[in-house]
Amino acid sequence: MQTRYFISFVLCSIAIFCMATSAVRAAEQKPNILYIMSDDHAAHSIGAYQGRLAVVNPTPTLDRLASEGMLLKNVFCTNSICTPSRATLMTGQYSHVNGVTTLNGAIGEEQQHLARLIKEAGYETAMIGKWHLKKEPAAFDFYTVLPGQGSYFNPVFRVRGPKPWPKNEFRSNRYDSKHSSDAITDISLKWLKNRKQKKKPFFLMHHFKAPHDNFENAERYDWLYQDVTIPEPESLRTRGKHGPLGQALYGTSVGPRNKRRNMGHHMFVDEKLSAEKYTGESYQRYLKKFLRCVRGVDDNIKRLVEHLKATGELDNTIIVYTADQGFMLGEHDYIDKRWMYEESLRMPFIARYPKWIKAHSKNGTMINNVDFAPTLLEMAGVKKPEFMQGRSFLPILKGEPTPADWPDATYYRYWMHMAHHDNPAHYGIRTKDFKLIFFYGLPLDAPGAVKTPTSPHWELYDLRKDPREMQNVIADPAYQSTLKKLKHQLSQLKQQTGDTDDRFPELKKRRDAS
């Protein structure tokens, strides 16, 4: 009898030990990380952000992810253009530090810090879709990436293989019409199903080309929004006192304002129309093409989510959705990005992970994309290296209070003076209540910038009273003390980030004289 009790005791002890060990292992198991990034997907074109476009229901899948997780309301890029933004993501550094200030920049394996550090932490890593950093993404275990901007239909991909970069290439589909959003998702799903190290958690960077211009949607969306009138922004036809005081607006346009390049040219609008009708027709074609590309992104995200659900990995996977920057969708008669204006500066950011992130949550803490790499690293259990300039906002995603020492302003700089879309080079500061921008208008040492200078000028916006930036109050006597404080704060921020004007005497002279 005693022997039987002893055996039972031993068996129970073993069972309890196994259960405890299993629980410890479960607690120690690192989450998968699915980082989804689109190209030029403005936050205000996502329904969950409740902008003017929410009424056409552009993003049902993203809206659902936002309702199941957290939506960040004040996320900003540090340089609103594709290659620099992606370099900041990989390095956790500002453009002037990582060396990628314009579209001409590149990031080699030695600077692909995010991928390298997460791989060292025990993750199987993959980069699929738009890379746009020119050199081989060799720090990833697996990659299949578009060459440069890539094609919208039947895209060619560069893949890891025996041939030297960039010669190892394949076409996604040689005969049928395959859209890039579908092709990129096909490859990600195939990798998830067949990955070689399934005992490891995965870190997958799934990057869409869409909705970058020139907009080409999958054929199944050709009639989407056909009978819908897309709401216009108030500022499309009304300038107010936006932009440089007493000067014509810079930048390419929706309507005929910019004779060299406007969206009507892209959308083949009849130039014989009146300016009013030309603008309206150009805007409707522009937004419908853009939103059709967005729907393709959203539907393909649904495919990824459904796969994770079917395999039981959904609630063990952190899903992050963002874009490489914002995009002007007719505000102030602008197209493209590059500007420090809100719609170009602001990035979407949605995160879902029920174990850490409370559903239906929103947060307005000011964050910028130099913080992305430290946050993704902390998600993977990796301490941020000293050379990264951002800081992790994972505690904020977990619902903890914003740290008392969290930055209350964000720094921005666009270097590619007057290239492609006629935007003067500029830098500035955005606080909770104000935005100050200095358009210094010089090419300096930025590769690809136009050599011809433009006149320098300042712009100041009171975001409390004027969130749509309709009134440049730089000359208003009531704001002169505010202007003085912001200039001082901007100077301090430039010192902190290491981007002072000292090495550019001509820039410093313009700044001090204006």
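Here, every reference points to the structure presented above.
Attention in this report is confined to the structure presented alongside it. Throughout this description, residue numbers start from 1 for each chain and increase along the sequence as written. Selection of residues for local features in this predicted model requires a pLDDT of at least 70, selection of side-chain atom pairs for listing and counting requires 80 or more, and totals for whole chains, interfaces and linings are taken over all residues. In computing side-chain properties, one takes all heavy atoms of the structure into account and sets aside hydrogens as well as water.

## A short note on the overall build of the protein
Strands are runs of DSSP state E lasting at least two residues, helices are runs of H or I lasting at least four, and both sets are numbered from the N terminus onward. For the protein, the count of helices and strands is 13 helices and 17 strands. Relative accessible area decides the class of each residue, using a 1.4 Å probe on protein chains only: under 20% of the type maximum gives buried, over 50% gives exposed, and in between gives partly exposed. Across the 514 residues that make up the protein, the buried fraction comes to 58%. In short, Shrake-Rupley with a 1.4 Å probe defines the accessible areas, and a residue's cover is counted only from the protein chains shown. With the model as given, the accessible surface of the protein reaches about 21900 Å², and the carbon-plus-sulfur share is 53%. For the purpose of counting charges, residues Lys and Arg are taken to be positive, whereas Asp and Glu are taken to be negative. His and the chain ends are not included. Where a charge lies is defined by one atom per residue type: Lys uses NZ, Arg uses CZ, Asp uses CG and Glu uses CD. In the protein, 73 positive and 56 negative side-chain charges are present, and the distance between their average locations comes to 3 Å.

## Thoughts on helix H6 (residues 180-194)
Because the α-helix completes a turn every 3.6 residues, residues three or four places apart line up on one side. Expected helix span is taken as 1.5 Å per residue step, with the number of steps being one fewer than the number of residues. With 15 residues, H6 ought to run about 21 Å at 1.5 Å a step, and its terminal C-alpha atoms sit 21 Å apart, in line with that. Taken as a whole, H6 has its buried residues at Ser180, Ser181, Asp182, Ala183, Ile184, Thr185, Ile187, Ser188, Leu189, Trp191 and Leu192. Contacts were defined at the residue level, with two residues in contact if any of their heavy atoms lie within 4.5 Å. Buried residues along H6 sit in contact with strand S4 (124-130), strand S5 (142-146), strand S6 (156-159), strand S7 (169-171), strand S8 (202-207) and helix H8 (275-310).

## Details of the sheet that holds strand S9 (residues 317-323)
On the basis of which strands lie adjacent, the open sheet formed by 10 strands has the order S7-S6-S5-S4-S8-S1-S9-S11-S2-S12 and mixed pairing. One side of each edge strand has no neighbouring strand; the edge strands of this open sheet are S7 and strand S12 (361-363). Here the strands of the sheet are splayed against their neighbours by 15 degrees on average, with no regard to which way each runs. Note on pairing: two strands pair once DSSP finds at least 2 bridges between them. Strand direction decides the pairing type here: strand S1 (residues 32-38) and S8, joined by 5 bridges, are parallel. Within S8, the position partnered with Tyr35 by the bridge is Met205. In this description, a line fitted to the C-alpha atoms serves as the axis of each element, helices being fitted only across the stretch in contact, and the angle between N-to-C directions of two axes falls anywhere from 0 to 180 degrees. Packing against the sheet, helix H2 (residues 60-67) makes contact with strand S2 (70-72), S9 and strand S11 (349-352), and its axis sits at approximately 60 degrees to S11.

## Side note on the side chain of Arg86
Considering the arrangement of structural elements, one finds Arg86 in helix H3 (residues 82-91). Overall, the relative accessible area of 2% leaves Arg86 in the buried class. At a separation of 3.2 Å, a polar atom in the side chain of Arg86 contacts the main-chain carbonyl oxygen of Lys130. Filtering out sequence-adjacent residues up to four positions away, Arg86 remains in contact with Met37, Ser38, Asp39, Lys130, Trp131, His132, Leu133, His207 and Asp324. Contacts described as polar in this section are N or O atom pairs within 3.5 Å, which, within protein, must combine one atom able to donate a hydrogen with one able to accept it, while residues neighboring in sequence count only if both atoms come from side chains.

## Thoughts on the packing of H2 against H8
Two numbers describe how H2 lies on H8: the axes approach to 7 Å, and their chain directions differ by 55 degrees. In terms of orientation, H2 and H8 fall into the oblique class. In this structure, H2 uses Pro60, Thr61, Leu62, Arg64 and Leu65 to contact H8, whose residues at the interface are Arg295, Asp298, Ile301, Lys302 and Val305. Here the nonpolar group is Ala, Val, Leu, Ile, Met, Phe, Trp, Tyr, Cys and Pro; Asp, Glu, Lys and Arg are the charged ones; every other residue, Gly included, is treated as polar. When grouped by side-chain class, the residues that make up the contact of H2 with H8 number 5 nonpolar, 1 polar and 4 charged. Note on angle classes: values under 35 degrees are labelled roughly parallel, values over 145 roughly antiparallel, values of 65 to 115 roughly perpendicular, and the remainder oblique.

## Quick look at the sheet that holds strand S16 (residues 434-439)
Reading across the sheet, the 4 strands line up as S14-S15-S16-S17 and stay open at both edges, with antiparallel pairing between neighbours. Of all the strands in the sheet, the pair left with one neighbour each is strand S14 (409-414) and strand S17 (457-462). For this sheet the average axis-to-axis angle between neighbouring strands, irrespective of direction, equals 10 degrees. Across 6 bridges, the pairing between S16 and S17 is antiparallel. Looking across to S17, one finds that Leu436 is bridged to Leu460. Set on the sheet, helix H12 (residues 480-497) makes contact with S14, strand S15 (426-431), S16 and S17; between it and S15 the angle comes to about 110 degrees.

## Re the pattern of salt bridges
A side-chain nitrogen of Lys or Arg and a carboxyl oxygen of Asp or Glu constitute a salt bridge if their distance falls within 4 Å. If you walk through the whole model with that rule in mind, you get 33 salt bridges. Lys337 is the partner of Asp40 in a salt bridge, and the nearest nitrogen-oxygen pair spans 3.0 Å. Remark: Lys337 occurs in the loop between S9 and helix H9 (342-345) and Asp40 occurs in the loop between S1 and H2; sequence separation between them is 297 residues. Across the pair, Lys337 and Asp40 agree in class, each one buried. The residue Glu232 makes a salt bridge to Arg237 at a minimum N-O spacing of 2.9 Å. The structure contains a network of salt bridges with shared partners spanning Arg413, Lys494, Asp499, Asp501, Arg511 and Asp512.

## Examining unusual backbone geometry
Here the bond from Trp165 into Pro166 is cis, since omega is 0 degrees, no more than 30 degrees from zero. Within the secondary structure, Pro166 sits in the loop between S6 and S7. Following Asp213, the chain continues to Asn214 via a peptide bond in cis, the omega torsion being -5 degrees. The residue Asn214 is located in the loop between S8 and helix H7 (263-266) in this model. With a phi close to 50 degrees, Leu444 is a non-glycine residue in the positive phi region. The backbone of Glu469 sits at a positive phi, close to 60 degrees, despite the residue not being glycine. Accessibility expressed as a relative area gives 0% for Glu469, which makes it buried.

## Considerations on the packing of aromatic side chains
Two aromatic rings from Phe, Tyr or Trp, using only the six-membered ring of Trp, form a pair when their centres are within 6.5 Å; if the ring planes differ by under 30 degrees the pair is stacked, by over 60 it is edge-to-face, and anything between is tilted. Scanning the model with the defined rule gives 26 aromatic pairs in all. With centroids separated by 5.6 Å and ring planes inclined at 10 degrees, the aromatic side chains of Tyr334 and Tyr341 adopt a geometry described as stacked. Residue classification places Tyr341 among the buried residues on the basis of a relative accessible area of 1%. Here the aromatic residues Tyr94, Tyr411, Tyr427, Phe438, Tyr440 and Trp458 are joined through ring pairs into a cluster of three or more.

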